[in-house]
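# Architecture at a glance
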Amino acid sequence: MSSQPRATGQAAVARTALDGIGAQARRSNQARVRQLSAALSSLAKGELSLLECQRSVEVAHQLVGSAGTFGYARVSELGRQLELFFSSGARGDAREVDAVARALVRMQQDLTLPAAEVAELS
Amino acid sequence: MTIAGAAAAETPTLPVRRVLVVDDDDSIREVAQMALEIVGGFVTTTASSGQQAWDIARAEVPDAVLLDVMMPGMDGPTVLSHFRSDPRTRDIPIIFLTAKILIGDPKSLDDLDIAGIIAKPFDPMKLPADVSRLLGWTS
């Protein structure tokens, strides 16, 4: 008997499990984007603390790994951009801050859609 | 020897590989566990922090560890140094699972005494094959 059907069956089970975990990851990543948006608001008001900035580096770093793993490649790439921004102390000029704000909007938009749809759009 | 016993003796049994998955991100930990168990056929244990990983490893001595680098508290490199300083865990191969950019720096790999690096994001369906390749595990 060929092992192919068993392998195919295992892959199907894995894909189903992956979808379930992916839905949970999407909610977590939406919360991370909201957290980063709040940090950017703090920055705009001149109230971004060192702690919030450091925490934002960690949150953006988690987004890089998680979003990409669950099919949101663009969110992952933008997350890297945000990780660099906050790890440099969020000291960018107005143009850079605007780019971060636009990246956050794009990330929010992507995460409202299932990963498969985002992949088709990008 | 019984017929069944003779057949068993002739059929090589594959060793059950036990992998400890360490990541503070629930979803990453779960997807890695799922992939390693369902796709790879490994037995896994998980830990959500470096300290928990260290405690589990000393008790269970897994065959390998898939270790996140950037974690609050005890980070990956710190966990690695603990492993290497204890006779019970010294020889356990460790693979870093990281979104940090480390790949392409062989010197740092040598210094770290790890079996390899798997970059995040990763393809869950390919994770077991990547782990097996880095560890030289063949089916």
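Here's what I pulled together on the structure shown here.

Parameters and conventions
Residues numbered from 1 in each chain as written. Chains lettered and ligands numbered in written order. Predicted model: local features only at pLDDT ≥ 70, side-chain atom pairs only at ≥ 80, totals over all residues. Heavy atoms only, no water. Helix = DSSP H or I, 4+ residues; strand = E, 2+ residues; numbered from the N terminus. Rg over C-alpha atoms; globule rule 2.2 N^0.38 Å. Contact = heavy atoms within 4.5 Å. Areas by Shrake-Rupley, 256 points an atom, 1.4 Å probe, with all protein chains shown as cover. Lys, Arg positive; Asp, Glu negative; His and termini not counted. Charge placed at Lys NZ, Arg CZ, Asp CG, Glu CD. Buried area = accessible area lost by both parts, 1.4 Å probe. Salt bridge = Lys/Arg side-chain N within 4 Å of Asp/Glu carboxyl O. Polar contact = N/O pair within 3.5 Å; in protein donor to acceptor, adjacent residues only side chain to side chain. Nonpolar A, V, L, I, M, F, W, Y, C, P; charged D, E, K, R; others polar. Buried < 20%, exposed > 50% of the residue type's maximum accessible area, 1.4 Å probe, protein only. Pairing = 2+ DSSP bridges. Axes fitted to C-alpha atoms, helices over the stretch in contact; angles between N-to-C directions. Parallel < 35°, antiparallel > 145°, perpendicular 65-115°, else oblique.

All right, on to the overall build of chain A then. Helix and strand counts for chain A stand at 5 helices and 0 strands. Relative to its length of 122 residues, chain A is extended, with a C-alpha radius of gyration of 17 Å against a globular reference of 14 Å. If you line up chain A on its principal axes, its C-alpha atoms span 65 × 30 × 20 Å. Intrachain contacts of chain A at a sequence separation of at least 6 include 68% that bridge at least 24 residues. If you sum the accessible surface of chain A, you get close to 6,700 Å²; carbon and sulfur atoms cover 54% of it. Distance between charge centres in chain A, computed from 14 positive and 12 negative side chains, equals 5 Å.

Chain A puts 24 residues into the contact, and the matching count from chain B is 19 residues. Of the roughly 1,800 Å² buried between chain A and chain B on both sides combined, carbon and sulfur atoms contribute 66%. Interface area lost by chain A to chain B is led by I21, H61 and T69 of chain A, which between them contribute 29%. For the pair chain A and chain B, the interface holds 1 salt bridge. In this structure, the salt-bridge partner of R32 of chain A is D25 of chain B, at a minimum N-O distance of 2.9 Å. Counting every contact that joins chain A to chain B gives 5 residue pairs in polar contact (both at pLDDT 80 or more). For the side of chain A that touches chain B, the elements supplying multiple residues, two or more each, are α1 (4-44), α2 (50-69) and α3 (73-87) of chain A. Its residues assigned to classes, the side of chain A that touches chain B comprises 10 nonpolar, 10 polar and 4 charged.

Moving on, we come to the pattern of salt bridges. Counted by the stated rule, this structure contains 13 salt bridges over all chains. One salt bridge in this structure joins R55 of chain A and E58 of chain A, with 2.6 Å as the shortest N-O distance. Highlighted residues: R55 of chain A and E58 of chain A, both in helix α2, separated by 3 residues, approximately one helical turn. Using a relative accessible area of 35% as the deciding quantity, one classes R55 of chain A as partly exposed. What makes E58 of chain A partly exposed here is its relative accessible area of 30%. Where D68 of chain B meets K120 of chain B, a salt bridge forms, and the shortest distance between an N and an O atom there is 3.2 Å. Of this pair, D68 of chain B sits in strand β3 (residues 64-68) while K120 of chain B sits in the loop between β5 (116-119) and α6 (127-135); the two residues are 52 residues apart in sequence, bridging distant segments of the chain. For D68 of chain B, a relative accessible area of 1% puts it in the buried group.

Residues and elements named next belong to chain B. You can see R84 is positioned in helix α4 (residues 76-85). Here R84 falls in the buried class, since its relative accessible area comes to 18%. Here the side chain of R84 touches D113 through a polar contact of 3.0 Å, side chain to side chain. Those residues in contact with R84 that sit more than four places away from it in its chain are T89, R90, D91, I92, P93, I94 and D113.

Let us now look at the sheet that holds β3 of chain B. Residues and elements named next belong to chain B. Pairing in this open sheet of 5 strands is parallel, and the strands run β2-β1-β3-β4-β5 from one edge to the other. Each having just a single partner strand, β2 (43-47) and β5 make up the two edges of the open sheet. Shown here is a sheet whose adjacent strand axes are inclined to one another by a mean of 20 degrees, direction ignored. Alignment of strand β1 (residues 18-22) against β3, held across 4 bridges, turns out to be parallel. Within the sheet, the bridge partner assigned to V19 lies in β3 and is A64. Lying on the sheet, helix α2 (residues 26-39) is in contact with β1, β2, β3 and β4 (94-98); it crosses β2 at an angle near 170 degrees. Against the sheet, α6 engages β3, β4 and β5, with an angle of about 165 degrees to β5.

Residues and elements named next belong to chain B. For the pair α2 and α6, the least separation of the axes is 8 Å and the interaxial angle reads 80 degrees. On the basis of the axis angle, α2 is roughly perpendicular to α6. Seen from α2, the contacting residues are A32, A35, L36 and V39; seen from α6, they are L127, P128 and V131. Residues of the contact of α2 with α6, tallied by class, amount to 7 nonpolar, no polar and no charged.

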